[in-house]
Amino acid sequence: MRLASRNPAIRRRTRNLGLLAALVILAYLPALAGLWAGAWPFHDDAITLFNVWRGLGREALRSGVIPLWNPYTFCGMPLAANNQTAYFYPPNLLYWFLPMSPALLFDAILHNIWLAWGAYALGRALKMSRSAAFLTALAFALGGAVSAHIYNGHMTWHTARSWLPWELCALLLYLRGGQRRYAIAFALCVVAQIASGYLPIMVLSLALCVGLVVAWALTHRAPRMPRGWLGVAALVAALCGSLSAVFILPMLEVSRLSVHGDGLEFEAATAFSGSWATLARLLLPGFFGNNNFQWSIAGVPHEEAGSIGALPLLLALGAPFLARRAGKKGHPALWFLCALLPIAVVMAMGRNLPFYRVAFDYLPFVSKTRVPVRWMELFYYASALLCGFSFDALIHRRSAGARAERTFSWTLGVICALCAALFALVALSSPAAEFWLGRARIALANAVPDAAQLIRSASQLHGDALLESLLVAAFLAGGIYIFAKWRHANAAAARRWERVMLALIAFDLLSLFWRSAKLIAPQPLRAYFIWPKSLAARFDKEQRWETSFESGIINLAALDHIAVFNGYDALGQKRFFDFAIAIEGKSFWTAMYQVPQHSPLLRVASVSHTISSRDDAPKVHREFAGYRPRLMAREGDYHLWQWDGAWPRAYVTRNLHRAPESAQLPLLETLSRRDFEAQRRPAVVAPGTFSPIKNTPLASGESVRDWNFSWNRVALATQANAPSLLVFSDAYFPGWRAFVNKRETPLQPANFLFRGLEVPRGQSRVEMVYEPQTFRVALFISLCGLAALGALGAAQFTARNSRKARPPKSTTPN
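Note that this is a predicted model, so its numbers are computed, not measured. (Residues numbered from 1 in each chain as written. Predicted model: local features only at pLDDT ≥ 70, side-chain atom pairs only at ≥ 80, totals over all residues. Heavy atoms only, no water.)

1. A word on the pairing of strand β19 (residues 762-770)
Then, in step 1: For strand β13 (residues 713-720) and β19, the ladder comprises eight bridges, and the chain directions are antiparallel. By the bridge assignment, Val714 is partnered in β19 with Met768. (Pairing = 2+ DSSP bridges. Helix = DSSP H or I, 4+ residues; strand = E, 2+ residues; numbered from the N terminus.)

2. Here's the deal with the environment of Ala185
Then, in step 1: Its place among the elements puts Ala185 in helix α11 (residues 180-196).
Then, in step 2: Expressed as a C-alpha distance, the spacing of Ala185 and Phe50, which sit 135 residues apart in the sequence, is 29 Å.

3. Details of the pattern of salt bridges
Then, in step 1: In the structure shown here, the tally under the stated rule is 24 salt bridges.
Then, in step 2: Measuring nitrogen to oxygen at the nearest pair gives 3.9 Å for the salt bridge that ties Arg765 to Asp706. In this pair, Arg765 is assigned in strand β19 and Asp706 in strand β12 (residues 703-710), connecting sequence segments 59 residues apart.
Then, in step 3: On the basis of relative accessible area, Arg765 is assigned to the partly exposed category, the value being 42%.
Then, in step 4: The residue Arg737 makes a salt bridge to Glu744 at a minimum N-O spacing of 2.9 Å.
Then, in step 5: Judged by its relative accessible area of 46%, Glu744 falls in the partly exposed class.
Then, in step 6: Connected through shared salt-bridge partners, Arg737, Glu744, Glu771 and Arg776 make up one network. (Salt bridge = Lys/Arg side-chain N within 4 Å of Asp/Glu carboxyl O. Buried < 20%, exposed > 50% of the residue type's maximum accessible area, 1.4 Å probe, protein only.)

4. Brief notes about helix α22 (residues 376-395)
Then, in step 1: Here α22 contains 20 residues, and its C-alpha end-to-end distance of 28 Å stays within 8% of the 28 Å for a straight helix at 1.5 Å per residue.
Then, in step 2: Taken across its 20 residues, α22 has 20 buried, putting it largely inside the fold. (Expected span 1.5 Å × (residues − 1).)

5. Brief notes about the packing of helix α13 (residues 229-243) against helix α14 (residues 245-256)
Then, in step 1: Where α13 contacts α14, the two axes come as close as 5 Å, and the packing angle between them is 60 degrees. Facing Gly241, Ser242 and Leu243 of α13, the residues of α14 in contact are Ala245, Val246 and Phe247.
Then, in step 2: Each residue belonging to the contact of α13 with α14 can be placed in one class, and the counts come to four nonpolar, two polar and no charged. (Axes fitted to C-alpha atoms, helices over the stretch in contact; angles between N-to-C directions. Contact = heavy atoms within 4.5 Å. Nonpolar A, V, L, I, M, F, W, Y, C, P; charged D, E, K, R; others polar.)

6. Here's the deal with empty space enclosed by the protein
Then, in step 1: All told, the structure shown has eight cavities of 30 Å³ or more when counted by the stated rule.
Then, in step 2: Taken as a whole, the largest cavity spans an internal volume of roughly 150 Å³.
Then, in step 3: Those elements that provide at least two residues to the lining of the largest cavity are α10 (164-177), α12 (199-219), α19 (332-348) and α22.
Then, in step 4: Of all the elements, α19 adds the most residues to the lining of the largest cavity, at four residues. (1 Å grid on protein atoms, 1.4 Å probe; cavity = no way out; pocket = protein on both sides within 12 Å on 5 of 7 lines; lining within 4 Å. Points joined across faces, edges and corners; volume = space filled by probe spheres on them.)

7. Here we look at the packing of α12 against α19
Then, in step 1: Contact geometry for α12 and α19: axes closest at 9 Å, N-to-C directions at 135 degrees. Relative to α19, the element α12 is oriented oblique. As α12 packs across α19, the resulting crossing turns out to be right-handed. Taking contact as the criterion, the partners of Leu208, Gly211, Leu212, Ala215 and Thr219 in α12 are, on α19, Pro332, Phe336 and Leu340.
Then, in step 2: Along the lines of polarity and charge, the residues of the contact of α12 with α19 split into six nonpolar, two polar and no charged. (Parallel < 35°, antiparallel > 145°, perpendicular 65-115°, else oblique. Left-handed = near helix turned anticlockwise from the far one by under 90°.)

8. Here we look at the pairing of strand β15 (residues 736-740)
Then, in step 1: Side chains of β15 alternate between two faces, with Trp736, Ala738 and Val740 buried and Arg737 and Phe739 left unburied.
Then, in step 2: Two strands pair when backbone bridges link them, and β15 and β19 are joined in this way by five bridges, in the antiparallel orientation. Bridge pairing in β19 links Phe739 to Glu767.
Then, in step 3: Summarising the sheet, β15 and strand β16 (residues 743-745) pair through three bridges and their orientation is antiparallel. In the strand pairing of β16, Ala738 is matched with Thr745.
Then, in step 4: In this structure, the hairpin formed by β15 and β16 is closed by a connection of two residues, where Asn741 is found at a positive phi of approximately 50 degrees.

9. Examining the sheet that holds β13
Then, in step 1: Strand order across the open sheet formed by five strands is β12-β13-β19-β15-β16, with antiparallel pairing between neighbours. Looking at which strands have only one partner, the edges of the open sheet turn out to be β12 and β16. Each strand axis lies, on average, 25 degrees off the axis of its neighbour in the sheet, ignoring direction.

This is how it looks when you write it as structure tokens:
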């Protein structure tokens, strides 16, 4: 340790890594201050999804159970199989020991530091200078794509992104030296990225890695690839496939059966396509409204975020000229990265370019891209690396020449002048002008604002545009001045101006990060995102509720163990949404389902209560035969309505109506409009199922005596005088097994969406267990991969020790 501390190179590296960590922590200063004041550090998905998933996972895993099933959303759906829950990702142990909001914030900070360090290591692996690698790390870790997505609660996107530079770094080191340890490190980074929970980033990362290998093979003289690379590639593929099986295989099964398993129609898939505003936001990220209030893509400003700061962006776009050495081609990765920029922009435009429809129809990977503008993520990665190459060339005075540097200076000046003119134009306009009022209407999306709210929103947009154009002009002017001094300075002074330029860029990125902050203050948090506790206490395990809220409060019911019919999850199963379409009477696709009006089909789903806000209360005032609402309780603006006549979540019947699947929902709607006695409550099943059951009314005492559920398990007791059908109104899904009096009995769909099984005469004990075979096989494969990795590590350790213990060869002649 003493020798290492005296090594100047190690000291400089440690200092740079420490400074990067400090800047990342400084970037989260608004979130840290908000957390101290009781605010929630992140918005949207952080509350509605990750707060719920991590809370349920913590509760189950502390009890020694893997939470395979979520009984609280969409009438039940798989939980751990959703890769975004990331229950097997080791850093998520953080959520076991900390309250949720600080755990989310510390998770984001730690992974952001890891991203910065990885980008610095990648820059050094690309043979950049320390300063250029530092700039690359700043652009990677503090750019707009990071701040926009993390403040909108995209936790798994953030964690998956943090592994990308480490993958590229390990792969590059292997290609350069051919050492197998770097290939194994690459495999482990890929597995960690998959485990972190966001597969689209993993797919994009692997595409970049393949592109890097191809670029290496095409631009290097023989031998282009390391010796034995095919065997090493097979080893890496085997390790990645086996270790990640427990994440990928269950996810593929659930995704196949989800609402988007068959893909989306063109219009739905390309709803968020890029435009000229997407490109303008690269230079002026906040001109169209900040991360809270956006009009370029209303409601989802994070989707097109890709800014790395004004100066780094111009350095990146000038890389083909600045980073090309005089008389040489430049670094091989330079041209690969330059090619990615136009590809990303073209793909991000989506349906705004005519050829995209052809690509959507004939290229499978394009049709699976739900949000085309997310291709700007690729632009973000490439530009962050390119700005490092340009900066490195300027530092060492080895760019394409003084002419290229003068052109760069003039470009900075012209864009600075344009931003200053834009500032003046905005300053002269009135916030009440129709231009800003029109933008405010777009930003407010579906809301119908009053005049005062519209003026406030227009004033906010006007102020955002004014601030953004002023800041960008100021940063560019500072860059022009520093660059002019830097070009004509001697070596010692140039080093100082280099540091000043890095400080200016760091402040630009920090200010962008701070402007992207999207906190939820304590009072709005209590008003809109906390489930009413006194009403939640009225829930009984035999009930199912629905909500009529327009926010993510739906999923928060799960933390209070309240089963809710509707919910928010992109992997809701197709059968549920087919059932929901029958309620609405139209076709749709969405990750969130809000019941627009009460329907008699909801009584089939055992919806016995509706919780609503004061404004939504009139929606529930509809009555069907025997299915009528009455106000049960209220808390503040929340109302709890009870629906008399809802079918119970578990009942026995012999009144079976057989129909093919395509006719079941219309038949169910017809039946649900009638009032049935408990002894004649109907059930709709497929033809040819439950043939031993005869259609006779129930006698007194025939019923479900009691039932309860725990993680992945439901237990019931029934009494029947003849073979009967037990209907349990939780979603039917592959992987559920039923045991009647300890004998396995097949489950079949009943009432289209739910579970049915035959129970015999007399008293029966029924147990349903969720044990998906896919998960068991995937877990076995991953354990085998883990054992193989351990054996490989032990073999490497033994070989290394044997080499150390081997005596040196004698050089004495005989």
